[in-house]
Amino acid sequence: MNRAYLCIDLKSFYASVECVQRGLDPFQTPLVVADPSRGRGALCLAVSPKMKELGVRNRCRLFEIPPDITYIAALPRMELYMRTAAEIYGVYLRYVAPADIHVYSIDEAFLDVTPYLKLYGLSARALARRIMADVRQTCGIPAAAGIGTNLFLAKAALDIIAKQEAEGIGELDEHSYRQRLWHHQPLTDFWQVGRGMASRLARYGIYDMQAVAQCPRKLLIDEFGVSGEYLHDHANGIEPVRIADIKAYRPASRSISTHQVLPHDYDFAHARLVMAEMVELSIQRLIDHHLVSDAISLQVGYSWDVRPVVRRSERLSSRTDSYRMFLREFRRLFDAYVDRSTPIRSIGIGFQRLRDGSWESLDLFADAEEIQEERRLMQTISAIRGKYGKNAILRGMNLLDQATTRRRNTQIGGHNAR
């Protein structure tokens, strides 16, 4: 028996939520979700369906909006969007059990409706139509859906076919996929095919999924690694992974990372300060979750891409959660590889090879007592912040003019929480 998956997307989610909050119709209201205080280069997190109708693309910058379009600029309110997404998840639960739902992002979810079609006496399309209507009636948010016999085909049906259908529902099986999408271009319209991959495929004269399917599997694996294997399967309409497999997956190794786009161009010294703040907050996460690491990574992006992004990683001789040790190593990488004369606009740090705290290992030169004292201090700071708020206790560096921690502690995902 063929399985039936739905991939439901909440149209222009952030913008639609803002329209609903104002009692406005997202299809009739020109609205963008952006923070104009960040300047004309501020990124629009979402634009309403009406703005798209006027030719404004999603995730544009404010200066890219034609001057003859009058629109509402809504400040991001991430807490509101998260509450609305949770409410919509509650709608899904009226029809499908949690074990059959995979939340792919805040505005997109996969539902395995195979066992429910007979229960409700509905086709997959009729059930999708009912769920979409319930979401619209309950929360005021318009939705689109893709239906497929596997997760990939459901996503392709959503991303490519649903846009062409009046009711916003696309449907694909292995046969109709070959008929309708094997010659579709560009390849970047397909799930997990980015511009870099498409460019490399073009060097082999490959511009559509039929050509990918006919390409030797070994060549794709040699070129893209495991991603090439997935690509070959997808080109043939194959995706063996089910939602149950996703829920059962446990990664062999763990990592944490954090990244921020700075509010304006930073010089070397001030960017180095922000990096130190990020290290402190990341170490707090390690300690809160009783984790240690012996591998780090640093990424620094310059303003307007005038230089290539700095990407460096390093294995350490100790596996620990020591703030002082990690700060020293990050500063060493930063000082060695970041240009001192070029404005900086983004910073990312990561901790790889995470293990349980019982795996801590120190080198001969580490002071175990000092590290334990530092850990107790960080645990105390965490307890205070947990009870009184993230800004209840701060380090001196957080109070400097160009520091970002205080502001980011009031945000979600780098955007306004309320």
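Scroll up to find the structure.
These remarks concern the structure in this document. Please read these numbers as outputs of a predicted model, since none were measured by experiment.

Here's the deal with the overall build of the chain
Right, so step 1: Looking only at helices and strands, the chain features 16 helices and 14 strands.
Right, so step 2: Against the compact-globule benchmark of 22 Å for 418 residues, the chain has a radius of gyration of 24 Å, which places it among compact chains.
Right, so step 3: If one aligns the C-alpha atoms of the chain with their principal axes, the spans along those axes are about 65 × 55 × 45 Å.
Right, so step 4: Sequence-distant contacts, at least 24 apart, represent 66% of the contacts inside the chain between residues at least 6 apart.
Right, so step 5: Of the roughly 21,400 Å² of accessible surface on the chain, a fraction of 51% belongs to carbon and sulfur atoms.
Right, so step 6: If the 56 positive side-chain charges of the chain are averaged to one point and the 49 negative ones to another, these points end up 2 Å apart.

A look at the environment of Leu75
Right, so step 1: Assignment of secondary structure puts Leu75 in the loop between β4 (72–74) and α3 (78–92).
Right, so step 2: Residue classification places Leu75 among the partly exposed residues on the basis of a relative accessible area of 43%.
Right, so step 3: Along the sequence, Leu75 and Leu10 sit 65 residues apart, while their C-alpha atoms lie 19 Å from each other.

Let's talk about the pattern of salt bridges
Right, so step 1: What the rule picks out here adds up to 33 salt bridges.
Right, so step 2: We note a salt bridge from Arg217 to Glu229, for which the minimum N-O separation is 3.6 Å. One end of the pair, Arg217, is in helix α10 (residues 217–224); the other, Glu229, is in helix α11 (residues 226–235), with twelve residues separating them in the sequence.
Right, so step 3: Residue Glu229 is classed as partly exposed on the basis of its relative accessible area of 33%.
Right, so step 4: Here Glu280 and Arg385 are joined by a salt bridge, their closest N and O atoms 3.5 Å apart. Placement of Glu280 in helix α13 (residues 268–288) and of Arg385 in helix α15 (residues 368–388) is noted, with a sequence separation of 105 residues between them.
Right, so step 5: Here Glu280 falls in the buried class, since its relative accessible area comes to 0%.

Focus: the pairing of strand β12 (residues 344–356)
Right, so step 1: The pairing of strand β9 (residues 254–266) with β12 spans eight bridges and is classified as antiparallel. Among the inter-strand pairings, Ser257 is bridged to a residue of β12, identified as Gly350.
Right, so step 2: Pairing geometry for strand β10 (residues 291–302) and β12, over ten bridges, is antiparallel. Bridge pairing links Tyr302 to Ile344 in β12.

A few points about the nonpolar core
Right, so step 1: Ranked by internal contacts, the top residues of the largest apolar core, which has 41 residues, are Phe13, Tyr92, Leu111 and Ile131.
Right, so step 2: Beyond its immediate chain neighbours, meaning those up to four positions away, Tyr92 contacts Ile8, Leu10, Ile101, Ala109, Leu111, Ile131 and Val135.

With respect to the sheet that holds β12
Hydrogen bonds along the backbone pair up the strands of a sheet, which may run parallel or antiparallel.
Right, so step 1: The four strands are arranged β9-β12-β10-β11 in an open sheet whose pairing can be described as antiparallel. The outermost strands of the open sheet, each flanked by one partner alone, are β9 and β11 (310–320). Strand-to-strand twist across the sheet, computed as the mean angle between neighbouring axes with direction ignored, equals 15°.
Right, so step 2: The strands touched by α13 within the sheet are β9, β10 and β12, with β12 carrying the most contacts at an inclination of about 25°.
Right, so step 3: Relative to the sheet, helix α14 (residues 323–337) contacts β10, β11 and β12, its axis offset from that of β11 by approximately 155°.

Regarding the packing of aromatic side chains
Right, so step 1: If you walk through the whole model with that rule in mind, you get eleven aromatic pairs.
Right, so step 2: Between Tyr104 and Trp191, the ring centres sit 5.7 Å apart and the planes meet at 80°, which makes this aromatic pair edge-to-face. Of this pair, Tyr104 sits in strand β5 (residues 101–105) while Trp191 is found in the loop between α7 (174–181) and α8 (195–202), placing the two residues 87 residues apart along the sequence.
Right, so step 3: Taking 5.8 Å as the distance between ring centres and 85° as the angle between the ring planes, the aromatic pair formed by Phe152 and Tyr177 counts as edge-to-face. Here Phe152 is found in helix α6 (residues 151–161), whereas its partner Tyr177 is found in helix α7, with 25 residues between them in sequence.
Right, so step 4: By relative accessible area, which is 0% here, Phe152 ends up buried.
Right, so step 5: When its relative accessible area of 0% is taken as the criterion, Tyr177 is described as buried.
Right, so step 6: Among the aromatic side chains, those forming a connected cluster through ring pairs are Phe13, Tyr14 and Tyr81.
Right, so step 7: A cation sits over an aromatic face here: Arg312 above Tyr337, 3.9 Å from the ring centre.
Right, so step 8: Residue placement shows Arg355 over the ring face of Trp359; its charged tip is 3.7 Å from the ring centre.

Rules of the game
For every chain, the first residue of the written sequence is number 1, and numbering continues from 1 onward in sequence order. Owing to the predicted nature of the model, reporting of local features is limited to residues with pLDDT of at least 70; listing and counting of side-chain atom pairs is limited to 80 or more, with chain, interface and lining totals taken over all residues. With hydrogens and water stripped out, all remaining heavy atoms of the structure feed into the side-chain values. Strands here mean DSSP runs of E at least two residues long; helices mean DSSP runs of H or I at least four residues long; both are numbered from the N terminus. For a compact globule the rule gives 2.2 Å times the number of residues to the power 0.38, and the radius of gyration it is set against comes from C-alpha atoms. Pairs of residues are marked as contacts when any of their non-hydrogen atoms sit within 4.5 Å. What sets the accessible areas is the Shrake-Rupley method with a 1.4 Å probe; for residues, cover comes only from the shown protein chains. For the purpose of counting charges, residues Lys and Arg are taken to be positive, whereas Asp and Glu are taken to be negative. His and the chain ends are not included. Where a charge sits is defined by one atom per residue type, namely NZ (Lys), CZ (Arg), CG (Asp) or CD (Glu). Each residue gets one of three labels from its accessible area relative to the maximum for its type: buried under 20%, exposed over 50%, partly exposed in between, using a 1.4 Å probe on protein chains only. Criterion for a salt bridge: a side-chain nitrogen of Lys or Arg within 4 Å of a carboxyl oxygen of Asp or Glu. Note: two strands are recorded as paired if DSSP finds a minimum of 2 bridges between them. What is meant by a nonpolar core is a set of buried Ala, Val, Leu, Ile, Met, Phe, Trp, Tyr and Cys residues, joined one to another through side-chain atoms within 4.5 Å. Axis lines are fitted to C-alpha atoms, over the contacting stretch for helices. Their N-to-C directions set the angle, which ranges from 0 to 180 degrees. Within 6.5 Å between ring centres, the rings of Phe, Tyr and Trp (the latter by its six-membered ring) count as paired, and their orientation is classed by plane angle as stacked under 30 degrees, edge-to-face over 60, tilted in between. Comment: the charge-over-ring label is applied if NZ (Lys) or CZ (Arg) is within 6 Å of the ring centre and within 35 degrees of the ring normal.

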